[in-house]
Amino acid sequence: MNDPRPQPLVEPASAPHHAHPRGTFQRLLVWHRRLGLAVSVIVLLLSVTGLLLNHTDALKLDQTSLRADWLLRWYGYPPVAAPDSFRAGERWVSTAGGKLYLDQTPVAEAGGPALGAAQLDGGLVAAALADSVILLAPDGTVVERLGAASLPGAPQRIGLADDARLALGTAQGTFVADADLIQWQPAAAAPAWSEAQAAPPALRDALAQAQRGPGLSAERVLLDLHSGRLFGAWGPWVMDAAAIVFVILALTGIVNWGWRRQRAKKMVRFYSERRRQQ
Amino acid sequence: MKALFRSAVLLLSLVSAPAPAADVYLAPEKFLSETFDGSVPKASVLWIAGDTRAAVERILGHSAVALRVRYWQQDARSAWILEEIGKTEPITTGFVVDKGALARVAVLVYRESRGWEVRYPFFTDQFKGATLTNMNELDRGIDGIAGATLSVRALTRLARVALLLDATSRAGAKR
């Protein structure tokens, strides 16, 4: 007697067999799954980085600077020490990355390291470089850059005389400026010279960052991540291998789909035939 | 990765490199000494503020870098030592203005990697006798030098600034 309930679509022993040996098909499926699992992380990585890179302009990735210590070290940036800082009253004067800094603000171009700094009446700050003295207003505006023609000699040290006037140490001797900082006279007594001091940690960190330059653009890091170059010499080869695996997965996927479709058709044909015979 | 590291090191060296060596063609002190026949007058300072500052910034195309500038004056002759960036580095140039007209232009210190031809008299002599128009332009055209366009432009801008500052200082003296 026939069972009226729907029968599960199981392959009976008499069902037609696939043209390919069953073992080959199973093995192909197993390898398809294994390879898929193995490259799934890379697929995710490529998809996410690819999506981000496709929208570089909108996301301003080329203008986003990455300065994480570990990343810069990974890219071969040597660690940098914070440059010397000089205290001028309540202000700090330093040079980093070719710029003269008043506290944490870059205020002028500096050809070389600062040699010292002094604060004058009215909050004016004088910073000595190897070839010039830069006078800064309290807000950091450059009042004047005194070059060779305006100095009694190339600066070696800077400080304050007893009467709080600006003093400059040069190879030609020590000189003191007039109140308008225009003329220089030989100093009568030894001034208090500006000396390098340990800057506050926040300033030190900011200067060290400035010393390192603009850092890495997020676009560059993402490109290196996408191509595998971020992971060293083997990175691109791993990505190449992953690309080959993607091709294999696509082919085995198509073959798998073809086999299953062919088998399903044969099964339908077989059961239709059997129902007709019954 | 080696290339990556090399690029990183190169980038770092560019960032942390000291300023390129400066070529001193004429020491500023010597320029002043030559200008005033060995008897350099005391320096004076001109504060760049108000309309003068606006005019200087219009000529330079950027904000003026200092609030005041130093100059040396004897009778109707004044000397100015000014700096302007050609491409990346400042060019230090000396200007002598006599009765409102440029009498001498001399490149004192040149720091750019190219464009140094502006130091030669065949270029600087073009400025001799130049005056400023009402629009703060030079009253004559200055021929350029192939390969030194930015330096030529920088010097031309500075020449206009020197003439403007000289006029300002003389106007201030009259008041």
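Quick note: structure is the one above.
These figures come from a predicted structure and were not determined experimentally.

**A word on the overall build of chain A**
For chain A, the helix and strand inventory stands at six helices and 16 strands. The proportion of buried residues among the 278 residues of chain A is 37%. Sequence-distant contacts in chain A: of pairs separated by 6 or more residues, those separated by 24 or more amount to 56%. If you sum the accessible surface of chain A, you get close to 16100 Å²; carbon and sulfur atoms cover 60% of it.

**Section: the sheet that holds strand β15 (residues 196–197) of chain A**
Two orientations exist for strands paired in a sheet by backbone hydrogen bonds: parallel and antiparallel. Residue and element names in this part refer to chain A. If you trace the five strands from one edge of the open sheet to the other, you get β5-β4-β3-β2-β15, paired in antiparallel fashion. Each of the sheet's edge strands pairs with one partner strand only, and the pair in question is β5 (105–109) and β15. As paired elements, strand β4 (residues 99–102) and β5 share four bridges and run antiparallel to each other. If you follow K99 over to β5, its bridge partner there is E109. Of the strands in this sheet, β2 (85–88), β3 (91–96) and β4 touch helix α4 (residues 201–212), which is tilted by about 20° from β3.

**Quick word on the packing of aromatic side chains**
This model, assessed by the stated rule, comprises five aromatic pairs over all chains. Plain terms: the ring middles of F123(B) and F127(B) are 5.5 Å apart, the flat faces sit at 80° to each other, and that makes the pair edge-to-face. Within the aromatic cluster, the residues linked to one another by ring pairs are W116(B), Y120(B) and F122(B). Stacked on the ring of W31(A), the Lys or Arg R34(A) has its end atom at 4.9 Å from the ring centre. One cation-aromatic arrangement involves R119(B) over Y25(B); the distance from NZ or CZ to the ring centre is 3.9 Å.

**Examining the nonpolar core**
If you look at the biggest cluster of nonpolar residues, it comprises 36 residues, and the most contacted ones within it are W80(B), L82(B), F95(B), L102(B), V118(B) and L165(B). Going through the elements one at a time, α3 (50–60), β3 (68–74), β4 (77–85), β5 (90–98), β6 (101–110) and α5 (149–174) of chain B are the ones with two or more residues in this core. Here L102(B) is in contact with F95(B), V96(B), V97(B), F127(B), K128(B), G129(B), A130(B), A159(B) and L163(B), once residues within four sequence places are set aside. Membership of the second largest hydrophobic core comes to 18 residues, among which are L146(A), L151(A), L181(A) and W184(A).

Parameters and conventions
- Residues numbered from 1 in each chain as written.
- Chains lettered and ligands numbered in written order.
- Predicted model: local features only at pLDDT ≥ 70, side-chain atom pairs only at ≥ 80, totals over all residues.
- Heavy atoms only, no water.
- Helix = DSSP H or I, 4+ residues; strand = E, 2+ residues; numbered from the N terminus.
- Buried < 20%, exposed > 50% of the residue type's maximum accessible area, 1.4 Å probe, protein only.
- Contact = heavy atoms within 4.5 Å.
- Areas by Shrake-Rupley, 256 points an atom, 1.4 Å probe, with all protein chains shown as cover.
- Pairing = 2+ DSSP bridges.
- Axes fitted to C-alpha atoms, helices over the stretch in contact; angles between N-to-C directions.
- Phe/Tyr/Trp six-rings, centres within 6.5 Å; stacked < 30°, edge-to-face > 60°.
- Lys NZ or Arg CZ within 6 Å of the ring centre and 35° of its normal.
- Core = buried A, V, L, I, M, F, W, Y, C linked by side-chain atoms within 4.5 Å.

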